[in-house]
Number of protein chains: 2
Amino acid sequence: MIGRSGGGEAPAFVFVRPQLGVNIGAAARGMKNFGIGRMRLVSPPENWCGTDAVARASGAADVLDGAVVCDSLEDAVSGSHFVYATTVRQRGLWKPVLSPREAMRDAAARVGVGQAVSVLFGPERTGLCNDEIVLANAVVTVPTSPAFRSMNLAHCATLIAYEWHIGRGVPRVDAEVTETASIAARCALAMHMITDLEACGYFDVPEDVEAKRLYLKNMLIRLDLTEAEVKTMHRIRKTLRGKTPGGSES
Amino acid sequence: MIGRSGGGEAPAFVFVRPQLGVNIGAAARGMKNFGIGRMRLVSPPENWCGTDAVARASGAADVLDGAVVCDSLEDAVSGSHFVYATTVRQRGLWKPVLSPREAMRDAAARVGVGQAVSVLFGPERTGLCNDEIVLANAVVTVPTSPAFRSMNLAHCATLIAYEWHIGRGVPRVDAEVTETASIAARCALAMHMITDLEACGYFDVPEDVEAKRLYLKNMLIRLDLTEAEVKTMHRIRKTLRGKTPGGSES
């Protein structure tokens, strides 16, 4: 969805199962205030771009006009090299946990070397679920008051956009250019690995299957693999299974 | 209004001639998210605390309940030692112009020595007028994109509240404790993987063997694996080879 040509651009903000069009509109306004124009929507409500939403967007209706509705979260982030998931709390999946400031400085550095990055925002009531967080490389948690953690969706998006704007231009310390694998390539690796392991009897205890799958998927997507390394992992997988010893995969 | 006894407290947020109750409600939510509970209102609309506003405040209705409606801006800030006025642009009145970050660090320092501070927010459409800005000691301008400066009132209040919270030296978001694998464990993984791959014919081109070994070792040691993930990688390795399907390794 976000092609390699998207490198060098501001992050895409991906709203996953948002419940209220007005929040999407308000988020568009906050995004545009800080130079973020790319909005992706996964399963938005039917009326997400109604008059209420447009009114709340105020002068940022162009962000709504340009928003792309994606079939799935995988689709929305498939072209990204690095994905940040906003969450209120840890969900038992290991990821680096960053503050908005740390995350957007990191994003600026990545964008500076041509990577495409996305930030995920979950539904108002529940936030992102584990199956969604697993697609991210890092978690961003806004350091709210412990007394009241529940932020409005548009407030959260605006804060992250603000930190992006502030954090731009921070020079990257480590300027080594590597071809970081896209999320799509990592998802495919996880899928193939799980399929192969399944065929080999890895998931032998029925009650653990889902947890094990999630764990594997999280690990393989989180690890900072380059494109070449993803190919190597496929080669390892096939070699160990005895499918194409030492051969290359297509 | 805010007496000297208010020293040591978080800033009071003063909304001057706000137009919409829903924005007051949304601002209350953003304030409470970042530990700011004192709201002052100068000439709010009659229905400022209607059901819409309370709904938008979500869990922060207590901030609305505690809001003080003041007869004038002078009254609202009379007990403050230092007042920050949020404005989009310069108005020809010379004041120090601070970013939200600078302003809230300054506020934290002042509060730390017992001063009472207030932040002023103007009406949605026009912002603060000169007669109001003149009552402030410093101006705060949010560094928005030049392409779209007009922020939602509640977004602006939330941003300032966020910077207040951050500027107080809030501890970092707790990172979940993970047991990063030792280098020894990663080396052992690399060694076992290479041995297995060798047995499966991975290194079929003799002149590449050393380069391939080095590449694999580099990858497996560089990846940020936890101890549990190293074990998972061993399990994957053994499962794919058909040695101990799904079993644990010693």
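Scroll up to find the structure this text is about.
Here's a quick rundown of the structure. (Residues numbered from 1 in each chain as written. Chains lettered and ligands numbered in written order. Predicted model: local features only at pLDDT ≥ 70, side-chain atom pairs only at ≥ 80, totals over all residues. Heavy atoms only, no water.)

1. What about the interface of chain A and chain B?
What counts is decided by this rule: In this description, contact between two residues means that some pair of their heavy atoms is separated by no more than 4.5 Å. Put simply, buried area is how much 1.4 Å-probe accessible surface two parts lose in total, over both of them, once they are put together. Salt bridges are defined by distance alone: a side-chain nitrogen of Lys or Arg within 4 Å of a carboxyl oxygen of Asp or Glu. The definition of a polar contact used here is a pair of N or O atoms within 3.5 Å, where within protein one atom must be able to donate a hydrogen and the other to accept one, and adjacent residues in sequence count solely through side-chain atom pairs. Numbering of helices and strands starts at the N terminus; helices are DSSP runs of H or I of at least 4 residues and strands are runs of E of at least 2.
Opposite the 64 residues of chain A that make contact, chain B presents 66 residues. Together, A:F148, A:H155 and A:L240 form the three largest contributors to the area buried by chain A at its contact with chain B, with a combined 13%. Viewed at the interface, chain B and chain A are joined by 3 salt bridges. At the boundary of chain A and chain B, one finds 21 residue pairs in polar contact (both at pLDDT 80 or more). The element contributing the most residues to the side of chain A that touches chain B is helix α10 (residues 227–241) of chain A, with 10 residues.

2. A short note on the side chain of A:T87
Position of A:T87 relative to the elements: it lies in the loop between β4 (82–86) and β5 (97–98). Not counting the four nearest positions on each side in its chain, A:T87 is found in contact with A:L128, A:I133, A:V139, A:V140 and A:T141.

3. Details of the nonpolar core
Condition: We call a set of buried residues a nonpolar core when its members are Ala, Val, Leu, Ile, Met, Phe, Trp, Tyr or Cys and they connect through side-chain atoms within 4.5 Å of each other. Categorising residues by exposure relies on relative accessible area from a 1.4 Å probe, with only protein chains included: less than 20% of the type maximum marks a residue as buried, more than 50% marks it as exposed, and the intermediate range marks it as partly exposed.
By size, the foremost hydrophobic cluster in this structure holds 85 residues, and its most contacted members are A:Y84 and B:Y84. Residues A:A190, A:L225, B:A181 and B:V209 belong to the second largest nonpolar core, which totals 38 residues.

4. Considerations on the sheet that holds β4(A)
Residue and element names in this part refer to chain A. Selection rule: Strands are treated as partners if at least two bridges between them are detected by DSSP. Only the stretch in contact is used when a helix axis is fitted, and all axes are lines through C-alpha atoms; the angle between N-to-C directions ranges over 0 to 180 degrees.
Ordered by their spatial adjacency, 7 strands build an open sheet running β3-β2-β1-β6-β4-β7-β5, and the pairing between neighbours is parallel. Edge strands, defined here as strands with exactly one partner in the open sheet, are β3 (68–70) and β5. Pairing of β5 with strand β7 (residues 138–140) involves 2 bridges; the strand directions are parallel. Bridge pairing in β7 places L98 opposite V140. Packed on one face of the sheet, helix α1 (residues 21–33) meets β1 (12–16) and β2 (39–42) and runs near 155° to β2.

5. Focus: the packing of aromatic side chains
Convention followed: Note on aromatic pairs: the rings of Phe, Tyr and Trp (six-membered ring only in Trp) are paired at centre separations within 6.5 Å, and the planes decide the class, stacked below 30 degrees, edge-to-face beyond 60, tilted for the rest. The rule for a charge over a ring is simple: NZ of Lys or CZ of Arg within 6 Å of the ring centre, and within 35 degrees of the ring normal.
Overall, the coordinates contain 10 aromatic pairs over all chains when judged by the stated rule. With centroids separated by 5.0 Å and ring planes inclined at 55°, the aromatic side chains of B:F82 and B:Y84 adopt a geometry described as tilted. What makes B:Y84 buried here is its relative accessible area of 0%. Each ring, one from B:Y202 and one from B:F203, has its centre 5.2 Å from the other, and the planes form 80°; the classification is edge-to-face. Each of the two residues, B:Y202 as well as B:F203, counts as buried. Among the aromatic residues, ring-to-ring pairing joins A:F13, A:F15 and A:F121 into one connected group. The positively charged end of A:R110 is found above the aromatic ring belonging to A:F82, 3.6 Å away from the centroid. For the cation-ring pair, A:R213 lies above A:F203, with the distance from its terminal atom to the ring centre recorded as 5.6 Å.

6. Considerations on the pairing of strand β6 (residues 117–121) of chain B
All names here are of chain B. Taken across its 5 residues, β6 has 5 buried, putting it largely inside the fold. Side chains of β6 alternate between two faces, with V117, V119 and F121 and S118 and L120 buried alike. The pairing of strand β1 (residues 12–16) with β6 spans 4 bridges and is classified as parallel. Looking at the pairing, A12 lines up with S118 of β6. Bridge count between strand β4 (residues 82–86) and β6: 4 bridges; the pairing is parallel. The residue bridging F82 from the neighbouring strand is V117, located in β6.

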